[in-house]
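A closer look at the structure
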Amino acid sequence: MTPLQSIGWRWTPATLEPGWADVIAAHPDARLARISEQHRSGYLVAESVEASHRAESLPEWQRAGNYRNGGTTPEGRPAVGDWVLIEGEAPNALKMVALLPRFSSIKRGAAGEHYKQQVIGANIDTVFVVCGLDADFNPRRIERYLMLIGGSGVQPVVVLTKADQDSADADAAVQELRAMDVQVLPVNAKDRASVARLEPWLGAGQSIVLIGSSGAGKSTLTNTLLGTERMKTGAVRETDDRGRHTTTHRALIALPSGACLIDTPGMRELKPTGEEDVAESFTDIEALAAQCRFRDCKHAREPGCAVRAAIEAGTIDHQRVANFLKLRDEVVGAAGQLATRLAQKADARVLPKGPRSRVDQHSED
């Protein structure tokens with residue numbers, strides 16, 4: 001395995017996407033690296049599993065950008081898992097000169113009042129949605145995660161940790177999630193033999209991201225896969241089973257199997273970006289909706305609603321339907337915000353350059 005292959009590179013000149021080949025050809029003196037860590041102060045890049053080094057960003061990645069100015073938006077900047085081209089030598093003279101196009105990315109709407117997107121991980125093959133079989137178990141939150149993953153080109157796998165606890169009922173949890181039509185694997189995250197169930201997704205050259213709430217067991221799972229206590233872990237609070245943030249930033253970690261893993265901090269807010277297709281994550285409800293009397297049925301009190309009839313018959317969980325309707329409304333709202341921001345970005349491209357008024361400067365988000 002070459003140094004680049006050890007951090008997830010699996011392409012040859014013959015299999016490179018045209019967009020990647022064009023970027024590489026445009027920078028003949030640069031070499032490949034992968035974003036291994038992202039901090040508020042900048043990025044660390046890796047050329048092998050041996051070490052990561054700080055690399056200077058392009059000027060447009062360092063400026064505060066937004067849609068209104070037509071600048072580089074948050075989702076257009078590098079994220080952990082991205083492949084970049086670098087020049088210079090480590091440890092103090094590295095600089096990034098180009099970002100290779102992504103073949104996949106996991107995004108969410110960033111926290112805050114204004115519309116922004118945040119990339120959780122880039123160039124990912126599989127997402128492990130990690131949820132504990134304790135008070136952390138929440139099918140509605142898992143549905144939200146799956147909605148964010150849907151349409152990204154990334155395969156989701158739900159990993160239910162803490163299956164070893166006396167109070168855990170793995171069979172009941174798997175049964176409760178059956179409508180989601182996704183692979184569900186209960187494991188004891190501390191036990192190597194139990195975690196071996198994840199090996200089909202951990203082959204050489206594969207990239208995986210772990211997402212889940214604080215205390216779900218993501219860092220414990222990472223340590224077991226590594227075979228060493230590299231990631232800091234912490235016990236959940238006895239009062240409410242809530243976890244503490246032991247992972248503080250996104251980091252790409254090479255596994256002995258040849259796969260790469262991105263561990264992420266626990267996420268309390270899971271806002272949609274407006275690009276999601278809610279129907280893709282709720283195919284059972286969409287199939288019922290196709291039988292409703294009215295094509296624009298809201299599944300509330302309309303006569304001939306097949307969804308409401310299924311709830312009354314007990315063939316579908318009313319909480320799942322309520323979450324579907326809630327997520328659908330959230331995506332519609334986020335899509336409207338996204339359309340506004342894209343229109344602002346398009347307008348910014350055609351506006352003539354010149355002095356800007358103080359009013360314009362203070363009206364930016």
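Rules of the game
- Residues numbered from 1 in each chain as written.
- Predicted model: local features only at pLDDT ≥ 70, side-chain atom pairs only at ≥ 80, totals over all residues.
- Heavy atoms only, no water.
- Helix = DSSP H or I, 4+ residues; strand = E, 2+ residues; numbered from the N terminus.
- Buried < 20%, exposed > 50% of the residue type's maximum accessible area, 1.4 Å probe, protein only.
- Contact = heavy atoms within 4.5 Å.
- Areas by Shrake-Rupley, 256 points an atom, 1.4 Å probe, with all protein chains shown as cover.
- 1 Å grid on protein atoms, 1.4 Å probe; cavity = no way out; pocket = protein on both sides within 12 Å on 5 of 7 lines; lining within 4 Å.
- Points joined across faces, edges and corners; volume = space filled by probe spheres on them.
- Nonpolar A, V, L, I, M, F, W, Y, C, P; charged D, E, K, R; others polar.
- Core = buried A, V, L, I, M, F, W, Y, C linked by side-chain atoms within 4.5 Å.
- Phe/Tyr/Trp six-rings, centres within 6.5 Å; stacked < 30°, edge-to-face > 60°.
- Polar contact = N/O pair within 3.5 Å; in protein donor to acceptor, adjacent residues only side chain to side chain.
- Salt bridge = Lys/Arg side-chain N within 4 Å of Asp/Glu carboxyl O.
- pLDDT = per-residue confidence, 0-100.
- Pairing = 2+ DSSP bridges.
- Right-handed = clockwise from strand over helix to strand, strands pointing away.
- Arc of directions from axis to C-beta.

Observations regarding the overall build of the protein
When helices and strands are tallied, the protein shows eleven helices and 13 strands. Here the protein holds 365 residues, and the buried ones make up 49% of them. Counted over contacts in the protein with a minimum sequence separation of 6, partners at least 24 positions apart contribute 66%. Total accessible area on the protein stands at roughly 18,400 Å², and carbon and sulfur atoms take up 49% of it.

As for empty space enclosed by the protein
Tallying each qualifying case throughout the model produces two cavities of 30 Å³ or more. The volume enclosed by the largest cavity comes to roughly 50 Å³. Residue lining of the largest cavity: Ile106, Lys107, Arg108, Ile120, Tyr145, Leu148, Ile149, Ile211, Met267 and Leu270, and that is the complete set. Listed by contribution, the elements that provide at least two residues to the lining of the largest cavity are strand E6 (105-109) and helix H3 (139-149). Partitioned by chemical class, the residues of the lining of the largest cavity number eight nonpolar, no polar and two charged.

Notes on the nonpolar core
Nonpolar side chains in soluble globular proteins generally cluster together in the buried interior. Within the largest apolar cluster, 76 residues are counted, with the highest numbers of intra-cluster contacts made by Trp9, Val45, Met96, Val127, Leu160 and Ile211. In terms of residue count, H3 provides more of this core than any other element does, six residues in total. Apart from residues lying up to four places away in sequence, Met96 is in contact with Ile35, Tyr43, Val45, Ala55, Glu56, Ser57, Leu58, Trp61, Val84, Leu85 and Ile86. Counting residues in hydrophobic clusters, the runner-up holds 21 residues, among them Ala216, Leu226, Ile253 and Leu255.

Quick word on the packing of aromatic side chains
In the structure shown here, the tally under the stated rule is seven aromatic pairs. Judged by centre distance (5.0 Å) and plane angle (70°), the rings of Trp9 and Trp11 are edge-to-face. Ring pairing ties together the aromatic residues Trp9, Trp11, Trp20, Trp83 and Phe103, which thus form one cluster.

As for H3
H3 sits mainly inside the fold: ten of its eleven residues count as buried. The distance from a side-chain oxygen at the start of H3 to the backbone nitrogen of Arg140 is 3.0 Å, and the residue carrying that oxygen is Asn138. Trailing H3 by a residue or two, Gly151 shows a phi angle of about 85°, which is positive.

Concerning the pattern of salt bridges
Scanning the entire structure with this criterion turns up 13 salt bridges. When the shortest N-O distance is used, the salt bridge between Arg320 and Glu143 registers 2.9 Å. In this pair, Arg320 sits in helix H10 (residues 318-350) while Glu143 sits in helix H3, placing the two residues 177 residues apart along the sequence. Comparing Arg320 with Glu143, the two get one shared label, buried. Overlapping salt bridges bring together Arg140, Glu143, Asp284, Asp317 and Arg320 as one network.

Quick word on the environment of Arg178
Among the structural elements, Arg178 can be located in the loop between helix H4 (170-176) and strand E10 (183-186). One polar contact links the side chain of Arg178 to the main-chain carbonyl oxygen of Gln175, over a distance of 2.8 Å.

Section: the confidence of the model for the protein
Note: predicted coordinates in regions of low pLDDT should not be interpreted at a detailed level. Across the protein, pLDDT averages 87, with 87% of residues at or above 70. The low-confidence segment residues 356-365, where pLDDT is below 50, has eleven contacts with residues more than four positions distant or belonging to other chains.

Structural notes on the pairing of strand E9 (residues 155-161)
Most of E9 sits inside the fold, with five of its seven residues counted as buried. Across seven bridges, the pairing between strand E8 (residues 126-132) and E9 is parallel. Within E9, the residue paired with Val130 across the bridge is Val159. What joins E8 to E9 is H3, and the crossover it makes is right-handed. Where the polypeptide runs from E9 across H4 and back to E10, its parallel neighbour, the crossover connection is right-handed.

As for the side chain of Ser6
Looking at where Ser6 falls in the secondary structure, it is placed in the segment before helix H1 (18-25). Residue class for Ser6 comes out buried when judged on its relative accessible area of 11%.

Examining the environment of Ala289
Within the secondary structure, Ala289 sits in helix H8 (residues 283-289). Given a relative accessible area of 19%, Ala289 falls into the buried group. Separated by 17 residues in the primary sequence, Ala289 and Ala306 have C-alpha atoms spaced 6.2 Å apart.

A word on the pairing of E8
Taken across its seven residues, E8 has seven buried, putting it largely inside the fold. Burial along E8 is two-sided: Thr126, Phe128, Val130 and Gly132 facing one way and Val127, Val129 and Cys131 facing the other are all buried. Pairing between E8 and strand E11 (residues 207-211): four bridges, direction parallel. Its bridge partner lying in E11, Thr126 is registered against Ile208.

Structural notes on helix H9 (residues 306-313)
All buried positions along H9 are accounted for by Ala306, Val307, Ala310 and Ile311. On an axial view of H9, the arc spanned by its buried residues comes to 145°, and they lie on one face. Of the exposed residues in H9, those oriented more than 90 degrees away from the buried face are Glu312 and Ala313. Immediately downstream of H9, the backbone of Gly314 shows phi near 80°, a positive value.

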